[in-house]
Number of protein chains: 2
Amino acid sequence: MDNSFFQQHISQQFNEELEDTLQKVMTMGGLVEQQLADAVAALVEGDSAKAERVVTSDYRINDLEVAIDDECSHIIARRQPTATDLRLLIAVIKAITDLERMGDEAERIGRMALHLLERDRNHSPIDELASLGEHVRQMLRGALDAFARMDSDQAVRVAQQDIQADSQYEQIMRELMKYMAEEPASIPRIMDIVWSARALERIGDRSRNICEYVVYCVKGKDVRHTSFDQMAEQATGDRR
Amino acid sequence: MDNSFFQQHISQQFNEELEDTLQKVMTMGGLVEQQLADAVAALVEGDSAKAERVVTSDYRINDLEVAIDDECSHIIARRQPTATDLRLLIAVIKAITDLERMGDEAERIGRMALHLLERDRNHSPIDELASLGEHVRQMLRGALDAFARMDSDQAVRVAQQDIQADSQYEQIMRELMKYMAEEPASIPRIMDIVWSARALERIGDRSRNICEYVVYCVKGKDVRHTSFDQMAEQATGDRR
């Protein structure tokens, strides 16, 4: 990766190991993004082939999580990294947990899409999910990009997009509840949409988590459990 | 901790550091367990003081997460552990993430309890949550106990209790949907109960995660993404 964040190490091989690990994280992130896009398309367009693919492809993400985790442990044991390198490896270990769980959320949406196909999906308020789905997919992509380039400014910008994701989600939830009240017979299938919206909202939260790890990596400052303003302040501050 | 898992290190101070870290994890786990118990009591008994306490106490859990994370990084950088010790530290880093998120779920339940108090909570089917809440609280306690003693057999037993948690949750969900259909005006407050049930179910999942880290620590085998049977097989196998 062409980035000043990754200083040259005495050992060229160490450098290569770190870059290989980051490359795998990006591959894993790409798979999650694809799963998410397929899941939302399956739901919104009622595409059963895509839904089936999402439900049966999650194992690839899981396998990568286990492989990367293992690789990080081996690098730590063998290279005994400190400071920035160690922070990076710990950030990777945390980020892949979030990515794997996002994969689970996408799988959940895929299953809901299949459920809905068995019911009367034509009369369900699904369209609103397309916009939320696109928003959180862009958050995920932005978070991965910030991670790859260790760009804390971008990480802050992406994290702030979670405010809009939450407000879109709240709006969808109000509409879904109204719909259920007006048409009680629709409740089981509306609940499938509720779970899908929730899954999307969680993917936004987890993209934000990844952004927080970037700030931790670059600045050495833990910005979890802080406000967006505090996060921005830490991200623009001096490097420790 | 009096346990053969923790071998004596050349450095007595290293031993003390590891034990101190584990002690902090247990303190954090105890706080989460208390938050969970208070949240369920607040919900089921309509106790607003308890609900307020849950909502305002989460920061203590968050602070501990940041402190333990920091401590683990410092131990890794200073002591350069390998094998079992490194696995333990990585397991701690993962486990506290789950504990922190369980704290968030408890806080969510506390907020739902406050919501419900503003509405007509007397006519809401809340009682069923008491049993699920108690079940996942026992799972959490069992998982923490297995972690403290690094007992992989107990970890497998606790993880298997997640099957019952999931089936209780499904049963509650079916009842709540029926209730909403029969009384559409109740939908907003029933949704508060839906989110609470979901939060409890997630706490069961995360207790199971902690059990998986115990098996990883003790056996060096990654049992995430495997069936309960495979997990039991790995846990009883020889130590790598």
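Residues numbered from 1 in each chain as written. Chains lettered and ligands numbered in written order. Predicted model: local features only at pLDDT ≥ 70, side-chain atom pairs only at ≥ 80, totals over all residues. Heavy atoms only, no water.

1. Some details on the overall build of chain A
- When you go through chain A residue by residue, the secondary structure sums to eight helices and zero strands.
- N-terminal to C-terminal, the α/β element order of chain A is α-α-α-α-α-α-α-α.
- The dimensions of chain A, computed from C-alpha atoms along their principal axes, are 65 × 40 × 25 Å.
- Taking all 240 residues of chain A together, 59% fall into the buried category.
- Expressed as a percentage of contacts within chain A between residues at least 6 apart in sequence, the contacts between residues at least 24 apart total 78%.
- Here chain A has roughly 9700 Å² of accessible surface; of this, 46% comes from carbon and sulfur atoms. (Helix = DSSP H or I, 4+ residues; strand = E, 2+ residues; numbered from the N terminus. Buried < 20%, exposed > 50% of the residue type's maximum accessible area, 1.4 Å probe, protein only. Contact = heavy atoms within 4.5 Å. Areas by Shrake-Rupley, 256 points an atom, 1.4 Å probe, with all protein chains shown as cover.)

2. Considering the pattern of salt bridges
- All chains considered together, the criterion is met by 36 salt bridges over all chains.
- K94 of chain B is the partner of D69 of chain A in a salt bridge, and the nearest nitrogen-oxygen pair spans 2.7 Å. Of this pair, D69 of chain A sits in helix α2 (residues 48-79) while K94 of chain B is found in helix α3 (residues 83-118), placing the two residues in two different chains.
- We classify K94 of chain B as buried; its relative accessible area is 8%. (Salt bridge = Lys/Arg side-chain N within 4 Å of Asp/Glu carboxyl O.)

3. Let's talk about the interface of chain A and chain B
- At the interface, 39 residues of chain A touch 39 residues of chain B.
- With both sides pooled, the region where chain A packs onto chain B buries about 3300 Å², and carbon together with sulfur makes up 59% of that total.
- Interface area lost by chain A to chain B is led by W195, R198 and H225 of chain A, which between them contribute 17%.
- For the pair chain A and chain B, the number of links is four residue pairs in polar contact (both at pLDDT 80 or more).
- Put simply, the parts of the chain that give the side of chain A that touches chain B at least two residues each are α2, α3 (83-117), α6 (162-182) and α7 (187-219) of chain A.
- If you tally residues by element for the side of chain A that touches chain B, the top one is α7 of chain A, at eleven residues.
- In terms of residue class, the side of chain A that touches chain B is built from 20 nonpolar, seven polar and twelve charged. (Buried area = accessible area lost by both parts, 1.4 Å probe. Polar contact = N/O pair within 3.5 Å; in protein donor to acceptor, adjacent residues only side chain to side chain. Nonpolar A, V, L, I, M, F, W, Y, C, P; charged D, E, K, R; others polar.)

4. A short note on the UniProt feature "domain: PhoU" (unreviewed entry) in chain A
- Here the UniProt feature "domain: PhoU" (unreviewed entry) sits at residues 26-111 and 130-214 of chain A.
- Each end of residues 130-214 of chain A is marked by a C-alpha atom, and these two atoms are 28 Å apart; helix forms 92% of the span and strand 0%. (UniProt positions renumbered as here; feature names shortened; annotations may be inferred.)

5. A look at helix α6 (residues 187-219) of chain B
Residue and element names in this part refer to chain B.
- The first and last C-alpha atoms of α6 sit 48 Å apart over 33 residues, in line with the 48 Å expected at 1.5 Å per residue.
- A large share of α6 lies buried, amounting to 31 of its 33 residues.
- Once α6 finishes, G220 follows within two positions and takes phi at roughly 70°, a positive value. (Expected span 1.5 Å × (residues − 1).)

6. Digging into the environment of H225 of chain B
- Residue position: H225 of chain B is located in the loop between α6 and α7 (228-236).
- For the pair H225 of chain B and A235 of chain B, spaced ten residues apart in sequence, the C-alpha separation works out to 14 Å.
- Once residues within four sequence positions are removed from consideration, H225 of chain B is found in contact with N62, E65, V66 and E100 of chain A.

7. Focus on the relation of the copies chain A and chain B
- For these two chains of identical sequence, chain A goes onto chain B by a turn of 180° and a shift of 0.0 Å along the axis, with RMSD 0.0 Å. In symmetry terms, the pair is related by a two-fold rotation axis. The rotation axis passes nearest to the C-alpha of Q80 of chain A in chain A, at a distance of 2.8 Å.
- Counting the interface residues of chain A, we find that 100% of their copies in chain B are interface residues as well, pointing to one common contact surface. (Least-squares fit on C-alpha atoms with pLDDT ≥ 70 in both.)

8. Considerations on the packing of aromatic side chains
- For the structure shown, the criterion picks out one aromatic pair over all chains.
- With 5.6 Å between their ring centres and 90° between their planes, W195 of chain A and W195 of chain B make a pair best called edge-to-face. Here W195 of chain B lies in helix α6 and W195 of chain A lies in helix α7, a pairing that spans two chains.
- Overall, the relative accessible area of 9% leaves W195 of chain B in the buried class.
- One cation-aromatic arrangement involves R198 of chain A over W195 of chain B; the distance from NZ or CZ to the ring centre is 4.2 Å. (Phe/Tyr/Trp six-rings, centres within 6.5 Å; stacked < 30°, edge-to-face > 60°. Lys NZ or Arg CZ within 6 Å of the ring centre and 35° of its normal.)

9. A few points about unusual backbone geometry
- For A83 of chain A, which is not a glycine, the phi torsion comes out positive at approximately 45°.
- On the accessibility criterion, A83 of chain A (48% relative accessible area) is partly exposed.
- Backbone geometry at Q80 of chain B places phi at a positive 45°, although glycine is not the residue there.

10. Points about the packing of helix α5 (residues 152-160) of chain A against α6 of chain A
Residue and element names in this part refer to chain A.
- Running from N to C, α5 and α6 cross one another at 15°; their axes reach a closest spacing of 4 Å. The orientation of α5 with respect to α6, classified from their angle, is roughly parallel. Where α5 approaches α6, its residues V158, A159 and Q160 are matched on the opposing element by D162, I163 and Q164.
- Here the residues of the contact of α5 with α6 sort into three nonpolar, two polar and one charged. (Axes fitted to C-alpha atoms, helices over the stretch in contact; angles between N-to-C directions. Parallel < 35°, antiparallel > 145°, perpendicular 65-115°, else oblique.)

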